[in-house]
Amino acid sequence: MFSVLSCAASAQQSGQQAPAFEPDTNRIKSHLFFLADDLLEGRDTGSRGHDIAALYIATEFAKYGLTPAGTDGYMQPVNFRKANLVQESPTFTFNNGEQEVTFSYPKDYLTGPDILRAESTLQGEMVFVGYGIVADELQHNDYEGLDVDGKIVVMLSGKPQSFPSEEGAHFASGYQKGKYAAERGAIGIITVTTPRDEKVRPYQTRLSYIHTPRMAWLQDDGTPANSFPSLKGGAYLSQPAAEQLFANAPQTLEQIYAQLERDESPKGFEMAGEVNISRRSLHSQITSPNVVGILEGSDPVLKSEYVVFSAHSDHIGFAKTVKKDNINNGAMDNASGTAVMLETARLFSEMKVKPKRSILFVSVTGEEKGLLGADYFARNPTVPVESMVANVNLDMPILTYEFADVIAFGANHSDMKASVELAAGNAGVSLSADPWPDQALFTRSDHYSFVKQGVPAVFLVPGLTSKDPAVDGSKVFGTFLSTHYHKPSDDIHQPFNWQAAKTFTEVNAQIGLTLANQEQRTKWNDGDFFGNTFGR
């Protein structure tokens, strides 16, 4: 059973000892084991299994007395369009003025389904635009001096190595690159792989995802969100195909790659020839819910502000395998984060004196499809977005060893760093810096949807320092990624350490309590890129 060992709720200001939380490991285990059971068939977005998970979460919210904060009770149904590429349909021809070259799908190039059209054709001349990035803040504009109106832009994957990691991830995202192109009148995008990209994610490995559908949430008028109708199509070229495309260009691909080796940003130019790309897509519509509940704050003024906890409840469903076990149960990803959020909600609900600010618990769908449920909620919030003071996101905490520290990706962008550090200390652990800054994890989970609406956020995970010197947390994390991530083996048979689950839940609750009770609402650091770009 639980206990919350305090009536005080503002220890940081009053000088009193911070309240202690006592999470119940049996409850965490039961949540995790249910959500990761074969019965739920991998909780794919829009599936019956995910609907069961959402209903389970909603009933837990009700059990804790949370106020329903969806659009239908606790539920916030989200309509999605799902598009699948007809695998026999893609064609790509290139006329360089001397001969017509036919590229073979998927050997030479990849293309995905069209979320807007069932049949799409792209035909036109090409302009090379370097990385295809416009970043005024970094004095970088790949489109400078180029006319791409009515043209197909050809761009390198990724970003310049000199770009800061997290800011660079923003500028180099697929959405941003599409936005830059569409705003300048381009009609399509051809992306070219780079040597650096091939080291990180070889072209051959991308073939495993050619059957993956594309999804987008639907706006009130029924059109897919975050899409660009003026872009009629595109392709991702292998290196051999790209070499042919650049054979008669002002610069060869080899010359461009040489510039990349020197960390130079190649200048754009018009390319000879014309391409013709076509494909067919099959569309369907599905509905999948976010689940939202509120614990009302105790302060008559501050209760109109919200600390937001988020965790995604979806996973990736069935694996395409001939093996007997073909269910991607998603125990660590993200039944573990959801279980911790549910236990956090229970702990807060049974406090004698509630936190000053209200706490919003949001279980989001569609994370595995591109952070879609979180994006929908952040753009269609059930409380005013300006009233959300902070977001703490829980995604795939590795709970197999007793950790001595936590990592809060993104804490360095706002004064949340001090709050999280204080809260972690109250739970007996320390706060460590991001050990993988080059991975830009701050931009790669559901919290980033809140960031883009101006809400300071952190993505919280256990740290890499183990309380047992014989355990290397970094190695444990790496082993999980290489062995179990997005595989059927991410199931309940992993060696969960329930003391670690208890500690992580306590840290999470302490962070929420600190943010909810501190005098000033969280704010972005002065001059921070994300604060300047998205802050309200």
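Residues numbered from 1 in each chain as written. Predicted model: local features only at pLDDT ≥ 70, side-chain atom pairs only at ≥ 80, totals over all residues. Heavy atoms only, no water.

Quick look at the overall build of the protein
So, step 1. The helix and strand tally for the protein stands at 16 helices and 21 strands.
So, step 2. For 536 residues, the compact-globule estimate of 2.2 N^0.38 gives 24 Å, and the C-alpha radius of gyration of the protein, at 24 Å, lies within 12% of that figure.
So, step 3. Based on the C-alpha atoms only, the size of the protein along its principal axes is roughly 80 × 55 × 50 Å.
So, step 4. Here the protein, with 536 residues, has 57% of them falling under the buried criterion.
So, step 5. By sequence separation, contacts in the protein at least 24 residues apart represent 83% of the contacts at least 6 residues apart.
So, step 6. Computing the positive centroid from 45 side-chain charges and the negative centroid from 64, the protein places the two 3 Å apart. (Helix = DSSP H or I, 4+ residues; strand = E, 2+ residues; numbered from the N terminus. Rg over C-alpha atoms; globule rule 2.2 N^0.38 Å. Buried < 20%, exposed > 50% of the residue type's maximum accessible area, 1.4 Å probe, protein only. Contact = heavy atoms within 4.5 Å. Lys, Arg positive; Asp, Glu negative; His and termini not counted. Charge placed at Lys NZ, Arg CZ, Asp CG, Glu CD.)

Considerations on the packing of helix 3 (residues 48–63) against helix 10 (residues 331–349)
So, step 1. For the pair helix 3 and helix 10, the least separation of the axes is 10 Å and the interaxial angle reads 15 degrees. Overall, the two elements helix 3 and helix 10 adopt an arrangement that is roughly parallel. Classified by chirality, the crossing of helix 10 by helix 3 is right-handed. Of helix 10, the residues touching helix 3 (which contributes Tyr56, Ile57, Glu60 and Phe61) are Thr338, Met341 and Leu342.
So, step 2. Considering only residue class, the contact of helix 3 with helix 10 consists of five nonpolar, one polar and one charged. (Axes fitted to C-alpha atoms, helices over the stretch in contact; angles between N-to-C directions. Parallel < 35°, antiparallel > 145°, perpendicular 65-115°, else oblique. Left-handed = near helix turned anticlockwise from the far one by under 90°. Nonpolar A, V, L, I, M, F, W, Y, C, P; charged D, E, K, R; others polar.)

A few points about helix 9 (residues 253–261)
So, step 1. All of the buried residues along helix 9 are Leu253, Ile256, Tyr257, Gln259 and Leu260. The arc that holds every buried residue of helix 9, seen down its axis, measures 155 degrees, which confines them to one face. Residues of helix 9 that are exposed and point over 90 degrees away from its buried face: Glu254 and Glu261.
So, step 2. Buried residues in helix 9 make contact with strand 8 (119–128), strand 11 (152–156), strand 12 (188–192), helix 6 (195–200), helix 8 (239–245) and strand 15 (269–295).
So, step 3. Backbone geometry just downstream of helix 9 places Asp263 in the positive-phi region, at approximately 55 degrees. (Arc of directions from axis to C-beta.)

Things to note about the environment of Tyr376
So, step 1. Relative to the elements of secondary structure, Tyr376 occurs in helix 11 (residues 372–379).
So, step 2. Here Tyr376 falls in the buried class, since its relative accessible area comes to 15%.
So, step 3. Separated by 353 residues in the primary sequence, Tyr376 and Pro23 have C-alpha atoms spaced 31 Å apart.
So, step 4. Ignoring sequence-local partners within four residues, the contact set of Tyr376 consists of Gln76, Pro77, Val78, Trp217, Leu218 and Asn290.

Some thoughts on helix 11
So, step 1. Of all eight residues in helix 11, seven are buried, a share of seventy percent or more.
So, step 2. Buried residues in helix 11 make contact with strand 4 (75–85), strand 13 (214–217), strand 15, strand 17 (358–364), strand 18 (388–394) and helix 13 (447–451).

Some remarks on the nonpolar core
So, step 1. If you look at the biggest cluster of nonpolar residues, it comprises 74 residues, and the most contacted ones within it are Phe61, Phe348, Phe361 and Leu460.
So, step 2. For Phe348, the residues in contact, after removing those within four places along its chain, are Phe21, Leu295, Phe309, Lys354, Pro355, Ile359, Phe361, Ala509, Gly512 and Leu513.
So, step 3. One finds Leu110, Phe171, Tyr180 and Ala457 within the second-largest nonpolar core, a separate group that totals 60 residues. (Core = buried A, V, L, I, M, F, W, Y, C linked by side-chain atoms within 4.5 Å.)

Re the side chain of Asp446
So, step 1. Relative to the helices and strands, Asp446 is located in the loop between strand 20 (430–432) and helix 13.
So, step 2. Buried charge without a salt bridge: Asp446, with Lys452 as the nearest opposite-charge side chain at an N-O distance of 10.0 Å.
So, step 3. Residues contacting Asp446, with those up to four places away along its chain left out, are His312, Val364, Glu367, Leu371, Ala374 and Asn393. (Salt bridge = Lys/Arg side-chain N within 4 Å of Asp/Glu carboxyl O.)

A short note on the side chain of Lys159
So, step 1. Along the chain, Lys159 falls in the loop between strand 11 and helix 4 (165–171).
So, step 2. The charged side chain of Lys159 is buried without a salt bridge, its nearest counter-charge being Glu167 at 8.7 Å.

So, a negative patch on the surface
So, step 1. Taken together, the side chains of Glu125, Asp147, Asp149, Glu270 and Glu274 define an acidic patch exposed on the protein surface.
So, step 2. Position of Asp147 relative to the elements: it lies in the loop between strand 10 (140–141) and strand 11.
So, step 3. Classification of Asp147 by relative accessible area gives exposed; the value is 53%. (Patch = residues over 30% accessible without salt bridge, like charges linked within 9 Å, V, L, I, M, F, W, Y side chains within 5 Å. Areas by Shrake-Rupley, 256 points an atom, 1.4 Å probe, with all protein chains shown as cover.)

Concerning the layout of surface pockets
The probe, sized like a water molecule, is rolled over the atoms to show the empty space still left.
So, step 1. Roughly 210 Å³ of volume is contained in the second largest pocket.
So, step 2. Mapped by element, the contributors of at least two residues to the lining of the second largest pocket are strand 19 (405–409), helix 12 (416–426) and strand 20.
So, step 3. Its residues placed into classes, the lining of the second largest pocket shows six nonpolar, three polar and four charged. (1 Å grid on protein atoms, 1.4 Å probe; cavity = no way out; pocket = protein on both sides within 12 Å on 5 of 7 lines; lining within 4 Å. Points joined across faces, edges and corners; volume = space filled by probe spheres on them.)

Quick word on the confidence of the model for the protein
So, step 1. Chain-level pLDDT for the protein is 95 on average; 97% of the residues reach the 70-or-more range.
So, step 2. Here residues 1–15 scores under 50 on pLDDT; set against residues more than four positions off or in separate chains, the count is 34 contacts. (pLDDT = per-residue confidence, 0-100.)

Topic: unusual backbone geometry
So, step 1. The step from Tyr105 to Pro106 runs through a cis peptide bond, and the omega angle for that step is 0 degrees.
So, step 2. Within the element layout of this structure, Pro106 appears in the loop between strand 6 (100–103) and strand 7 (109–110).
So, step 3. Phi is positive for Gln139, close to 50 degrees, though the residue is something other than glycine.
So, step 4. Positionally, Gln139 belongs in the loop between strand 9 (134–135) and strand 10.

A few points about the packing of aromatic side chains
So, step 1. Tallying each qualifying case throughout the model produces 29 aromatic pairs.
So, step 2. Between Phe171 and Phe529, the aromatic rings sit 5.3 Å apart at their centres with planes inclined by 55 degrees, giving tilted as the arrangement. Of the two residues, Phe171 sits in helix 4 while Phe529 sits in helix 16 (residues 529–534), which places them 358 residues apart along the sequence. For the pair Phe171 and Phe529, a shared accessibility class is recorded, and that class is buried.
So, step 3. Judged by centre distance (6.4 Å) and plane angle (25 degrees), the ring pair of Phe409 and Trp436 falls under stacked. Of this pair, Phe409 sits in strand 19 while Trp436 is found in the loop between strand 20 and helix 13, placing the two residues 27 residues apart along the sequence.
So, step 4. An aromatic cluster is built from Phe163, Phe171, Phe442, Tyr448, Phe529, Phe530 and Phe534, whose rings are joined through pairwise contacts.
So, step 5. The lysine or arginine in question, Arg184, covers the ring of Tyr143, its NZ or CZ lying 5.2 Å from the ring centre.
So, step 6. Arg201 extends its terminal NZ or CZ atom over the ring of Tyr209, reaching a point 5.4 Å from the ring centre. (Phe/Tyr/Trp six-rings, centres within 6.5 Å; stacked < 30°, edge-to-face > 60°. Lys NZ or Arg CZ within 6 Å of the ring centre and 35° of its normal.)

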